[in-house]
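This is what each chain is made of:
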Number of protein chains: 2
Amino acid sequence: MEFCKSASQVSLGIVGLGAFGQLMAEHLAPHLTVLAHDPRPPEIVPAGVTMASLREACRCDLVVIAVPLAALAHVCREMAPLLMPGTLVVDVCSTKVEASAAMRAELPPYVDLVASHPMFGPQSILAGTRGLKLVLCPLRGRRAGRLAAFLRKHFGLKILIATPDEHDREAAFTQGLTHLIAHALLRMDELPGRITTRSFDLLKQAVDMVRHDAPGVRQAIESNPYAAQARSLFLAQLDAIRGELGAGSARPGMQIMRLP
Amino acid sequence: MEFCKSASQVSLGIVGLGAFGQLMAEHLAPHLTVLAHDPRPPEIVPAGVTMASLREACRCDLVVIAVPLAALAHVCREMAPLLMPGTLVVDVCSTKVEASAAMRAELPPYVDLVASHPMFGPQSILAGTRGLKLVLCPLRGRRAGRLAAFLRKHFGLKILIATPDEHDREAAFTQGLTHLIAHALLRMDELPGRITTRSFDLLKQAVDMVRHDAPGVRQAIESNPYAAQARSLFLAQLDAIRGELGAGSARPGMQIMRLP
């Protein structure tokens, strides 16, 4: 990503036009020349985005890989012979230890690498990008700082620099526990929505954000090496409370869940 | 509460000047003549509020009992011989089945009764009262409608009319589960706060509201006849997820919790 070029001359290749790839394409197309590759492109390609071959996408100054973590290593292997020296490659997976290892292992030593985790999705971006958090993990080369400056300037993002391990340690609690709680609530029958406290309304908003997460996010979160430990520490506290209060009995077919 | 009087002529007796009693006194003193009784009054009495004997507080047009649920029946017994025919008596406990039963049993048949649950506390009221929810359960007499109109007009509250049983069925989920989750998170060591998703930030806000709840609120929530069932249904889903994912192992003394 050469910042001696004017921004609109900088080319961005997006590999993977799923939910997050499209979101990124929409927001970046006004600022950069955007080529996107996806073997199964969406019905509606975001305005200003040109669909391209994987080779063309890999020839851009900046290449963002926006595929599920489970596909990352495979996609990197396909991209490896197509990338040019000095290209900056970035991923957007929800956990960083495994994603970083895959990129380091599969991509050639002459490309620069930054792992990233946008801590937001289609739901939280509705109110605009200003103040949303994005984690950058510089892996190889010295261009993370310039990327951070570009994202701060044009989108007002709050950029957090961390190692992949630091990211995963924190995200295991912040993202992992939020997902765990949200999934448990979503698996229950419909929750009441009339007689609610303000704190429940906030909890419900959090659950609704998780509900709209792209498929694959949960699997990525589960790949976090600290996920099981964070979950276990939280569940141990719930078990302790359960022991103190008594768990009560939920009878099958009980009619207290659905309210008029 | 005679609405043929101008509002400032209507007298309000508050029995119990704890956290919620004070909050109420501050907000109602500009609109009504407020007498308050508490055997252990706070160091700073809210402006416009006159401290009074229990007898004087009970002679007001409207008497609000703002004591913990555990003390409600006892306080009602003390008030019973002091109340005048036609007085409107209201409580503010967090669950309504047990509180309503106590008021019905202990207060004389010639006073009107409305059970209430303000679904907010000192934290959520900081941004103003408009749109905050308050549940009214009309128990005896016909003045719940006028009380609702007064609270809507002067504070913009959203008034929900429900039976005590309807209230407790919903609150077991909305308030009960929020408290359960919040208490489990609060019992963990300090949670990370830097690398956070928007949904975790919302969850954290909810937890912080619960953290500031008055003592006694948790005990009141536990008196909800549906609390154990709601908890059990939620924990059953967590157990199912634990089974699917594996609980992981939390080793004592593990160093992943406290982050720099």
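Residues numbered from 1 in each chain as written. Chains lettered and ligands numbered in written order. Predicted model: local features only at pLDDT ≥ 70, side-chain atom pairs only at ≥ 80, totals over all residues. Heavy atoms only, no water.

An unreviewed UniProt entry lists chain A under the name Prephenate dehydrogenase/arogenate dehydrogenase family protein, with Novosphingobium clariflavum as the source organism.

Student: Talk me through the overall build of chain A; I want residue IDs and the actual numbers.
Tutor: A tally of helices and strands in chain A yields 9 helices and 8 strands. Relative to its full complement of 260 residues, chain A shows a buried share of 57%. Residue pairs in contact within chain A that sit at least 24 positions apart in sequence constitute 67% of those at least 6 positions apart. Of the roughly 11,100 Å² of accessible surface on chain A, a fraction of 54% belongs to carbon and sulfur atoms. Here chain A holds 27 positive side-chain charges and 23 negative ones, and the gap between their average locations is 3 Å. (Helix = DSSP H or I, 4+ residues; strand = E, 2+ residues; numbered from the N terminus. Buried < 20%, exposed > 50% of the residue type's maximum accessible area, 1.4 Å probe, protein only. Contact = heavy atoms within 4.5 Å. Areas by Shrake-Rupley, 256 points an atom, 1.4 Å probe, with all protein chains shown as cover. Lys, Arg positive; Asp, Glu negative; His and termini not counted. Charge placed at Lys NZ, Arg CZ, Asp CG, Glu CD.)

Student: Residue-level account of the interface of chain A and chain B, with values.
Tutor: On the chain B side, the residues contacting the 70 residues of chain A number 70 residues. Summing both partners gives a buried area of about 6,800 Å² for chain A against chain B, and 67% of it is carried by carbon and sulfur. Of all residues in chain A, the largest losses of buried area upon contact with chain B belong to Glu 170, Arg 194 and Ile 195 of chain A, amounting jointly to 11% of the total for that side. One salt bridge in this structure joins Arg 187 of chain A and Glu 244 of chain B, with 2.9 Å as the shortest N-O distance. Our count for the contact surface shared by chain A and chain B stands at 18 residue pairs in polar contact (both at pLDDT 80 or more). Within the residue set of the side of chain A that touches chain B, elements represented by two or more residues are strand E7 (133-140), strand E8 (158-161), helix H6 (164-187), helix H7 (198-211), helix H8 (217-222) and helix H9 (227-245) of chain A. By residue number, the principal contributor to the side of chain A that touches chain B is H9 of chain A, which donates 16 residues. Per-class residue counts for the side of chain A that touches chain B are 38 nonpolar, 18 polar and 14 charged. (Buried area = accessible area lost by both parts, 1.4 Å probe. Salt bridge = Lys/Arg side-chain N within 4 Å of Asp/Glu carboxyl O. Polar contact = N/O pair within 3.5 Å; in protein donor to acceptor, adjacent residues only side chain to side chain. Nonpolar A, V, L, I, M, F, W, Y, C, P; charged D, E, K, R; others polar.)

Student: Report on the side chain of His 117 of chain B, specifying residues and quantitative values.
Tutor: All names here are of chain B. Examined against the element boundaries, His 117 turns out to sit in strand E6 (residues 112-118). Separated by 3.4 Å, the side chain of His 117 and the backbone oxygen of Ser 94 make a polar contact. Apart from the residues within four sequence positions on either side, His 117 is in contact with Cys 93, Ser 94, Lys 96, Lys 133, Leu 134, Val 135, His 167 and Gln 175.

Student: Please give an account of the relation of the copies chain A and chain B that cites residues and values.
Tutor: In screw terms, the move from chain A to chain B is a rotation of 180 degrees and a rise of 0.0 Å along the axis, fitting with an RMSD of 0.0 Å. Look at the turn and shift together and you get a two-fold axis relating the two. With an isologous cut-off of 70% or more, the 100% of interface residues of chain A that recur at the interface of chain B puts this contact in the isologous class. (Least-squares fit on C-alpha atoms with pLDDT ≥ 70 in both.)

Student: Would you mind going over helix H1 (residues 19-28) of chain B in detail, with residue names and values included?
Tutor: Those residues of H1 of chain B that sit buried are Gly 21, Leu 23, Met 24, Ala 25 and Leu 28 of chain B. Against strand E1 (11-15), strand E2 (33-37), strand E3 (49-51), strand E4 (62-65) and helix H5 (144-155) of chain B lie the buried residues of H1 of chain B.

Student: Can you break down the domain arrangement of chain A residue by residue, with the values?
Tutor: Residues and elements named next belong to chain A. As assigned here, chain A comprises domain 1 (7-162) and domain 2 (167-243). Inter-centroid distance (C-alpha atoms) of domain 1 to domain 2 is 27 Å. In this assembly, domain 1 packs against domain 2 so that about 1,100 Å² is buried in total across both faces, 67% of it on carbon and sulfur atoms. Viewed at the interface, domain 2 and domain 1 are joined by 0 salt bridges. Counting across the interface, domain 1 meets domain 2 through 5 residue pairs in polar contact (both at pLDDT 80 or more). The class makeup of the residues in the side of domain 1 that touches domain 2 is 7 nonpolar, 5 polar and 2 charged. (Domains from an automatic or database assignment.)

Student: If you had to explain the packing of H7 of chain A against helix H6 (residues 164-187) of chain B to someone new, which residues and values would you point to?
Tutor: As a packed pair, H7 of chain A and H6 of chain B sit with axes 9 Å apart at the nearest point and diverge in direction by 75 degrees. Comparing the axis directions of H7 of chain A and H6 of chain B gives the class roughly perpendicular. On H6 of chain B, the residues that touch Ser 199, Phe 200 and Leu 203 of chain A of H7 of chain A are Phe 173, Thr 174, Thr 178 and Ile 181 of chain B. Taken together, the residues of the contact of H7 of chain A with H6 of chain B break down into 4 nonpolar, 3 polar and no charged. (Axes fitted to C-alpha atoms, helices over the stretch in contact; angles between N-to-C directions. Parallel < 35°, antiparallel > 145°, perpendicular 65-115°, else oblique.)

Student: Can you explain the packing of H6 of chain A against helix H9 (residues 227-245) of chain B? Please cite residues and give values.
Tutor: Running from amino to carboxyl end, H6 of chain A crosses H9 of chain B at an angle of 120 degrees, the nearest separation of the two axes being 9 Å. What the angle tells us is that H6 of chain A and H9 of chain B run oblique. Helix-helix and strand crossings are classified by hand; for H6 of chain A and H9 of chain B the assignment is right-handed. Counting all contacts with H6 of chain A, which are made through Leu 180, Ile 181, His 183, Ala 184, Leu 185 and Arg 187 of chain A, the residues of H9 of chain B involved are Phe 234, Gln 237, Leu 238, Ala 240, Ile 241 and Glu 244 of chain B. (Left-handed = near helix turned anticlockwise from the far one by under 90°.)

Student: Can you lay out the sheet that holds E1 of chain B for me, pointing to particular residues and giving the numbers?
Tutor: All names here are of chain B. The strand order across the open sheet formed by 8 strands is E3-E2-E1-E4-E5-E6-E7-E8, and the pairing between neighbours is mixed. Two strands in the sheet have a free side with no partner beyond their single neighbour: E3 and strand E8 (158-161). For this sheet, the mean inter-axis angle between neighbouring strands, taken without regard to orientation, is 25 degrees. Across 4 bridges, the pairing between strand E5 (residues 88-91) and E6 is parallel. Residue pairing across strands places Leu 88 opposite Asp 112, the latter belonging to E6. (Pairing = 2+ DSSP bridges.)

Student: Would you mind going over H7 of chain A in detail, with residue names and values included?
Tutor: Here H7 of chain A contains 14 residues, and its C-alpha end-to-end distance of 20 Å stays within 8% of the 20 Å for a straight helix at 1.5 Å per residue. Among all positions of H7 of chain A, only Ser 199, Phe 200, Leu 202, Leu 203, Ala 206, Val 207, Met 209 and Val 210 of chain A are buried. (Expected span 1.5 Å × (residues − 1).)

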